[in-house]
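Listed below, chain by chain, are the residues.
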Amino acid sequence: MPRKTDGVLFELQPRPTKGEDGKPLLYAQPVIERKYNIDDIDEFCNKYRHTSKGEMKYFFNLLEEVTTMWLKQGCRVETPFGSFAPKLKLLGDHTDPEKIVAHDVMYGGVEFIPAKQFVKDADCSHDGFRRKQGSVGNSQLYDAKAMDDALRRSVHHGYITIKAFQRCSGLKYKTAQAYLDNLCTGDNPRLSRYKEGRTWHYAIRQTTPTE
């Protein structure tokens, strides 16, 4: 069956909860292949939407200025994208409203509720979806052979770096570092580590046969 080449690319990640088979339940998330910023928007609109150069940048800067001005006053601001409102946090645990004073409340960020039409217009299911091939999350951690192969392929000039192991194992950086660090601990550690500059080097320890 030919592989699907159009549609939104997605990858699978494990959830904290497990299914009946004991394996983590999965969820899908988009693979972000490109990020656009305000300069990209301004350039696109200048070329294809007949706006002046810098017009969209000025518009968004002005929108941010006015919106935050009203948010600071405790107002909700409605836009074609959705509505914005300040979020508040109550410090500590309280049950008696009479004991709560202004100093017990702090700013907690911005609440955004997308407009229904905005959500509808952003529907990306028109061309369907296609799955990114590869392991799910860090599931390869539980494949001892895959991890051993990744360690072997990561060795360069007699040592392993976190980035090299990350590349060979497909793990995220912090997970790859934690895995290597764990191999440096215990009664019979497989690796030893030392730092050169800002980079950790991991060397495979030579096992000494015991009588």
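Read on for a plain summary of the structure. What you are looking at is a predicted structure, and each value in this text was computed from that prediction instead of being measured.

A separate point is the overall build of the chain. Looking only at helices and strands, one finds six helices and eight strands in the chain. Taken against the 2.2 N^0.38 rule, which gives 17 Å for 211 residues, the C-alpha radius of gyration of the chain at 26 Å runs more than 25% over that of a compact globule. By principal-axis analysis of the C-alpha atoms, the chain measures approximately 75 × 60 × 45 Å. Each of the 211 residues in the chain was classed as buried or not, and the buried ones make up 20%. Across the chain, contacts joining residues at least 24 apart in sequence account for 38% of those joining residues at least 6 apart. Accessible surface computed for the chain: about 16900 Å², of which carbon and sulfur atoms make up 54%. In the chain, the 33 positive side-chain charges and the 28 negative ones have mean positions that sit 6 Å from each other.

When we look at burial in helix H4 (residues 144-154), the residues that qualify are Met147, Ala150, Leu151 and Ser154. Buried residues in H4, looked at end-on, bunch into an arc of 100°, giving them a common side. Away from the buried face of H4 by more than 90 degrees, exposed residues Lys145 and Arg152 are located. Elements in contact with the buried residues of H4: helix H5 (162-169) and helix H6 (173-182).

Across soluble globular proteins, nonpolar side chains show a tendency to be buried alongside one another. With 14 residues, the main nonpolar core has Leu151, Ile160, Phe165, Tyr179, Leu180 and Tyr202 as its most contacted residues. Elements with a contribution of two residues or more to this core: H4, H5 and H6. Those residues in contact with Leu180 that sit more than four places away from it in its chain are Leu151, Ile160, Thr161, Ile162, Phe165, Leu191 and Tyr202.

One way to put it is that H5 packs onto H6 with a least axis distance of 9 Å and a crossing angle of 110°. Accordingly, the angle class assigned to the pair H5 and H6 is roughly perpendicular. Where H5 approaches H6, its residues Ile162, Lys163, Phe165 and Gln166 are matched on the opposing element by Tyr173, Ala176, Gln177, Tyr179 and Leu180. Residue classes in the contact of H5 with H6 are distributed as six nonpolar, two polar and one charged.

Moving on, we come to unusual backbone geometry. Of note in the backbone geometry, His50 takes a positive phi value of approximately 60° without being a glycine. Structurally, His50 can be placed in the loop between helix H1 (38-48) and helix H2 (55-71). Residue classification places His50 among the exposed residues on the basis of a relative accessible area of 76%. With a phi close to 60°, His157 is a non-glycine residue in the positive phi region. One can find His157 in the loop between H4 and H5.

With that settled, consider the packing of aromatic side chains. Under the criterion given, the structure shown has five aromatic pairs. Both rings, one in Phe44 and one in Tyr48, keep their centres 4.9 Å apart while their planes meet at 50°; by these two values the pair is tilted. Of the two residues, Phe44 and Tyr48 are both situated in helix H1; the distance of four residues between them amounts to about one turn of the helix. Here the guanidinium or amino end of Arg193 rests over the ring plane of Trp200, the centre of that ring lying 4.0 Å away.

Turning to the side chain of Ser169, a few remarks are in order. Summarising the element assignment, Ser169 is placed in helix H5. Engagement of the side chain of Ser169 in a polar contact is seen with the backbone oxygen of Phe165, the distance being 2.7 Å.

The next point concerns the pairing of strand S7 (residues 191-196). Judged from the six bridges that link them, S7 and strand S8 (residues 199-204) form a sheet pairing that is antiparallel. The residue of S8 that forms the bridge with Tyr194 is His201. The turn linking S7 back onto S8 is made up of two residues, and Gly197 within it adopts a positive phi angle of 65°.

Before going further, it helps to spend a moment on H1. Because each turn of an α-helix spans 3.6 residues, side chains separated by three or four positions in sequence point in the same direction. For H1, the capping residue at the N-terminal end is Asn37, with a side-chain oxygen 3.0 Å from the backbone nitrogen of Asp39. Looking one or two places after H1, you find His50, whose phi comes out positive at around 60°.

All right, on to the pattern of salt bridges then. If you walk through the whole model with that rule in mind, you get nine salt bridges. In this structure, Arg34 engages Asp40 in a salt bridge whose closest nitrogen and oxygen atoms are separated by 3.7 Å. Notably, a salt bridge pairs Arg193 with Asp181, separated by 2.9 Å at the nearest N-O pair. Of this pair, Arg193 sits in strand S7 while Asp181 sits in helix H6, and the two are twelve residues apart along the sequence. Owing to a relative accessible area of 22%, Asp181 belongs among the partly exposed residues under this scheme.

About the cut-offs
Residues numbered from 1 in each chain as written. Predicted model: local features only at pLDDT ≥ 70, side-chain atom pairs only at ≥ 80, totals over all residues. Heavy atoms only, no water. Helix = DSSP H or I, 4+ residues; strand = E, 2+ residues; numbered from the N terminus. Rg over C-alpha atoms; globule rule 2.2 N^0.38 Å. Buried < 20%, exposed > 50% of the residue type's maximum accessible area, 1.4 Å probe, protein only. Contact = heavy atoms within 4.5 Å. Areas by Shrake-Rupley, 256 points an atom, 1.4 Å probe, with all protein chains shown as cover. Lys, Arg positive; Asp, Glu negative; His and termini not counted. Charge placed at Lys NZ, Arg CZ, Asp CG, Glu CD. Arc of directions from axis to C-beta. Core = buried A, V, L, I, M, F, W, Y, C linked by side-chain atoms within 4.5 Å. Axes fitted to C-alpha atoms, helices over the stretch in contact; angles between N-to-C directions. Parallel < 35°, antiparallel > 145°, perpendicular 65-115°, else oblique. Nonpolar A, V, L, I, M, F, W, Y, C, P; charged D, E, K, R; others polar. Phe/Tyr/Trp six-rings, centres within 6.5 Å; stacked < 30°, edge-to-face > 60°. Lys NZ or Arg CZ within 6 Å of the ring centre and 35° of its normal. Polar contact = N/O pair within 3.5 Å; in protein donor to acceptor, adjacent residues only side chain to side chain. Pairing = 2+ DSSP bridges. Salt bridge = Lys/Arg side-chain N within 4 Å of Asp/Glu carboxyl O.

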